[in-house]
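Secondary and tertiary structure notes
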Amino acid sequence: MNEITRIGPADGVAALEGAIAPERPALPLAVLAEITHRCPLQCPYCSNPVELERSNAELSTDEWKRVISELAGLGVLQFHFSGGEPTARRDLVELVAHASKAGLYTNLITSAVLLDEKKLAALKEAGLNHVQISFQDSDERIANRVAGYKDAHRKKLAVAGMVRAAGLPLTVNAVVHRQNLHHLPEMIQMSIELGAARMEVAHVQYYGWALKNRAQLMPTVEQLDEATRVVEEARERLHGTIVIDYVIPDYYARRPKKCMGGWGRQFFNISPSGKILPCHAAESITTLRFDSVRDHAIEWIWNESEALNKYRGTSWMPKPCQGCEMAEIDWGGCRCQAFALTGDAGNTDPACELSPRHQEIFQMAKAESEADERRFLYRNFAGGTWEKIDDPVA
Amino acid sequence: MDGAASSTPGANVHKRVVITVNSKPALPSFVRLHHDKARDRWVILVPERVLVPDETAVEIVQMCDGVKTVRDLVDELAKKYNADRALITVDVLAMLQDLADKSFLEDKGATP
């Protein structure tokens, strides 16, 4: 009877483990759609690629509807509306209604700053099932500074209250790093007071924009240990009140994370222009070309696309991954990280202590965190803008 | 706390739902028991998760209508399977409490 408790996706996105052939996995149960890269916030750790897709490249309303229907027909059960900021698209309510009618469980992953009571009511009416709001800190001044947006924090708090008042379940997503980790206990308390049933405490993952801001964001070893202690203590104390999912940074780990449950195994996301990607950051691997829903059926892309097959399973693995007892547990860690840190996505993830680069990466992270550079490079369509030190946003 | 969320602090806070034999369990609106046609099995759709309940769990969740008490559920199951009430009670309470602790179950009998 307790089978029900055993399903727990490692990466915050539902997928089924089990008797699936590693080289030809079944379609995921949940799909994340980045329906636009437009966003009013400028967070320096944004998971979008540095080369953002312009609005004129985005899939049209009809194209997204076709994609949604196609996914439902293939047996996908959950659809995450993400971005950029998904509420920046005027057809969001129409798309949520379409997904809901197709039988999909819908989730909105939002910064919340463009939402109000009227828009939320329309989304709920359209069948929206769940809302996830990102928070940059519990301290208003730091939160607004990280977001690069005046008044962001106050708006988020207000909208979170509206979400709960509308009877929608709320997840608080708190991205943590060196410049806000000292407020982690307050962020957990804030999530409880907002009525969130779930919280994600996610250490920044260093790709794309975050890689450009790595020295500004990398936690110290001591901060990481303290954060892990705080989360473990809170989980025990708050059992039954709030579920806390925790994503650790792996520069300080001994073994790499099971990134996305393995390349092309349990997850894909769709870029604003319709590219099927094995993870949010995959386009940072500039040597790969990803297929689009504009050119191919989704099922074909999942099964046949060269990029998705490139690092599937274990046969692509170099030594020491090849033959490693962890090969089918961590699936070789993260390809984007291997590319970012070694220049070849096919190398062993340097987060693994068996990588020849591991010590070097660890020392680099430690040195960067201790140097304590603070000035952000903000995310935007202009390729990034340096924070003005004399004129802070908040 | 900076920028407190509401005028009545703590008004929104989730209280732990404790399931007893007198509870009247029900799925909240955002938790959906769904028959997955593509794979011909029941699933429970929740935020960021797909739960795959076994047959017994499906049967119990289908009975959770917010009107029947856990005691009623146990009575029905004990009759149907001609099984020991005490054992069924332990199993049913454990399963429902587990769902409640993930905030996937409400008690309609609880005083607000």
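What counts, and at which threshold
Residue positions are given per chain, counting from 1 as you read along its sequence in written order. Chains and ligands are labelled sequentially in the order written, the chains with letters from A and the ligands with numbers from 1. Thresholds applied to this predicted model are a pLDDT of at least 70 for local features of residues and 80 or more for the giving and counting of side-chain atom pairs; totals over whole chains, interfaces and linings are not thresholded and use all residues. With hydrogens and water set aside, each side-chain value is computed from the structure's full complement of heavy atoms. Put simply, DSSP marks the helices as runs of H or I at least four residues long and the strands as runs of E at least two long, and each gets a number from the N terminus on. Residue burial is assigned from relative accessible area. The probe radius is 1.4 Å, only protein chains are included, and a residue is buried under 20% of its type maximum, exposed over 50%, and partly exposed in between. By definition, residues are in contact when any of their heavy atoms lie within 4.5 Å. For every accessible area listed, the method is Shrake-Rupley and the probe measures 1.4 Å; residues are considered covered only by the protein chains on display. Nonpolar core, defined: a set of buried Ala, Val, Leu, Ile, Met, Phe, Trp, Tyr and Cys residues in which side-chain atoms within 4.5 Å join the residues together. Strands are labelled as partners when DSSP assigns at least two bridges between them. Only the stretch in contact is used when fitting a helix axis, every axis being a line fitted to C-alpha atoms; angles between N-to-C directions are given from 0 to 180 degrees. Put simply, two rings from Phe, Tyr or Trp (the six-membered ring, in Trp's case) pair if the centres are within 6.5 Å, and we call them stacked under 30 degrees between planes, edge-to-face over 60, tilted for the rest. The rule for a charge over a ring is simple: NZ of Lys or CZ of Arg within 6 Å of the ring centre, and within 35 degrees of the ring normal. As a per-residue quantity, pLDDT reports the predictor's confidence and falls between 0 and 100. A pair is scored as a salt bridge if a Lys or Arg side-chain nitrogen falls within 4 Å of a carboxyl oxygen belonging to Asp or Glu. A pair of cysteine sulfur atoms is labelled a disulfide when the two atoms are within 2.5 Å. Distance and chemistry together define a polar contact, namely a pair of N or O atoms within 3.5 Å, with one atom able to donate a hydrogen and the other to accept it when in protein, and with adjacent residues in sequence counting only for side-chain atoms on both sides.

In terms of regular secondary structure, chain B is built from three helices and five strands. Counting from the amino terminus, helix and strand elements in chain B follow one another as β-β-β-β-α-α-α-β. Of all 112 residues assigned to chain B, the portion counted as buried reaches 43%. If you take every contact in chain B between residues at least 6 apart in sequence, the share linking residues at least 24 apart comes to 57%. Carbon and sulfur atoms form 53% of the exposed surface of chain B, whose accessible area is close to 5800 Å².

Moving on, we get to helix H13 (residues 335-342) of chain A. Residue and element names in this part refer to chain A. With six of eight residues buried, H13 is to be regarded as a mostly interior element. Every buried residue of H13 is accounted for by Arg335, Cys336, Gln337, Ala338, Phe339 and Leu341. Residues of H13 that are buried in the fold lie against helix H8 (214-217) and helix H14 (358-371). Directly beyond the C-terminal end of H13, a positive phi value near 85° is found at glycine 343.

By the element assignment, Ile389(A) lies in the segment after strand E11 (385-386). Sequence separation between Ile389(A) and Phe376(A) is 13 residues, and the spatial gap between their C-alpha atoms is 9.4 Å.

Time to look at the nonpolar core. Counting residues in each nonpolar core, the largest one holds 87 residues, and the members touching the most others are Leu71(A), Phe81(A), Ile133(A), Leu184(A), Ile188(A) and Phe268(A). The biggest single contributor to this core is helix H5 (residues 152-165) of chain A, with six residues. Setting aside residues up to four positions removed in sequence, Ile133(A) forms contacts with Thr110(A), Ser111(A), Ala112(A), Lys156(A), Val159(A), Ala160(A), Val163(A), Leu170(A), Thr171(A), Val172(A) and Asn173(A). Counting residues in each nonpolar core, the second largest holds 31 residues, with Leu51(B), Val92(B), Met95(B) and Phe104(B) among its members.

What you tend to see is this: most non-glycine residues have negative phi, and most peptide bonds are trans. Residues and elements named next belong to chain A. The omega torsion across glycine 83 and glycine 84 is 15°, close enough to zero to call that bond cis. Mapping glycine 84 onto the fold places it in the loop between strand E2 (78-82) and helix H2 (92-101). Cis peptide bonds are those with omega within 30 degrees of zero, and the linkage from lysine 319 to proline 320 qualifies with 5°. If you trace the backbone, proline 320 turns up in the loop between helix H11 (306-310) and helix H12 (327-330).

In this section: the sheet that holds strand E2 (residues 32-36) of chain B. All names here are of chain B. Spatially, E2-E3-E4 is the arrangement adopted by the three strands of the open sheet, whose pairing is antiparallel. The sheet terminates laterally at E2 and strand E4 (49-51), the two strands that pair on one side only. Averaged over all pairs of adjacent strands, the angle between strand axes in this sheet comes to 35°, irrespective of strand direction. For strand E3 (residues 41-46) and E4, the ladder comprises three bridges, and the chain directions are antiparallel. Within E4, the residue paired with isoleucine 44 across the bridge is leucine 51.

Residue and element names in this part refer to chain A. By the definition in use, this model includes seven aromatic pairs over all chains. Both rings, one in tyrosine 252 and one in phenylalanine 362, keep their centres 5.6 Å apart while their planes meet at 70°; by these two values the pair is edge-to-face. Remark: phenylalanine 362 occurs in helix H14 and tyrosine 252 occurs in the loop between strand E7 (243-247) and strand E8 (269-270); sequence separation between them is 110 residues. Ring centres of tyrosine 311 and tryptophan 316 lie 5.2 Å apart, and the angle between their planes is 80°; on these two criteria the pair is classed as edge-to-face. Residue classification places tryptophan 316 among the buried residues on the basis of a relative accessible area of 16%. One aromatic cluster is present, built from ring pairs that chain together Trp263, Tyr311 and Trp316. Lysine 156 extends its terminal NZ or CZ atom over the ring of phenylalanine 135, reaching a point 5.9 Å from the ring centre. Cation over ring: arginine 312 sits above tryptophan 302, and NZ or CZ is 4.7 Å from the ring centre.

The subject of this paragraph is the confidence of the model for chain B. Regions with low pLDDT should not have their predicted coordinates read in detail. Residues and elements named next belong to chain B. Confidence in the prediction for chain B averages 86 pLDDT; 86% of positions are at 70 or higher. Within chain B, E4 has the poorest average pLDDT of any element, 88, and strand E1 (residues 25-26) the best, 96. Residue range residues 1-7 is modelled with pLDDT below 50. Its contacts to residues more than four positions away, or to other chains, number nine contacts.

Before going further, it helps to spend a moment on the pattern of salt bridges. When the charged atoms of two side chains with opposite charge come close together, those side chains can pair. All names here are of chain A. For the structure shown, the criterion picks out 32 salt bridges over all chains. Among the ionic pairs, glutamate 53 bridges to lysine 275, the shortest N-O distance being 3.7 Å. Note that glutamate 53 is positioned in the loop between strand E1 (30-34) and helix H1 (61-73) and lysine 275 in the loop between E8 and strand E9 (276-277), a separation of 222 residues in sequence. Ionic pairing is found between arginine 374 and aspartate 372, a salt bridge with its closest N-O pair at 3.3 Å. Its relative accessible area of 32% is what places aspartate 372 among the partly exposed residues. Beyond isolated ion pairs, a larger network of salt bridges with shared partners links Arg38, Glu58, Arg89 and Asp91.

By definition, a disulfide is the covalent link that joins the sulfur atoms of two cysteine residues. Residues and elements named next belong to chain A. Inspection of the entire model under this criterion finds zero disulfides over all chains. In this structure cysteine 39 is a free cysteine whose sulfur lies 6.6 Å from that of cysteine 43, the closest cysteine sulfur available. Taking the relative accessible area as the measure of exposure, cysteine 39 reaches 26% and is therefore partly exposed.

Take the environment of Asp291(A) next. Residues and elements named next belong to chain A. Mapped onto the elements of the fold, aspartate 291 is located in the loop between E9 and helix H10 (298-304). Overall, aspartate 291 belongs to the buried group, its relative accessible area being 8%. C-alpha of aspartate 291 to C-alpha of lysine 275: the two residues are 16 residues apart in sequence and 5.5 Å apart in space. Sequence-distant contacts of aspartate 291, defined by excluding residues within four places in its chain, comprise Gly274, Lys275, Ile276, His296, Trp300, Ile301, Ser305 and Glu306. At 3.2 Å, the side chain of aspartate 291 forms a polar contact with the side chain of arginine 289.

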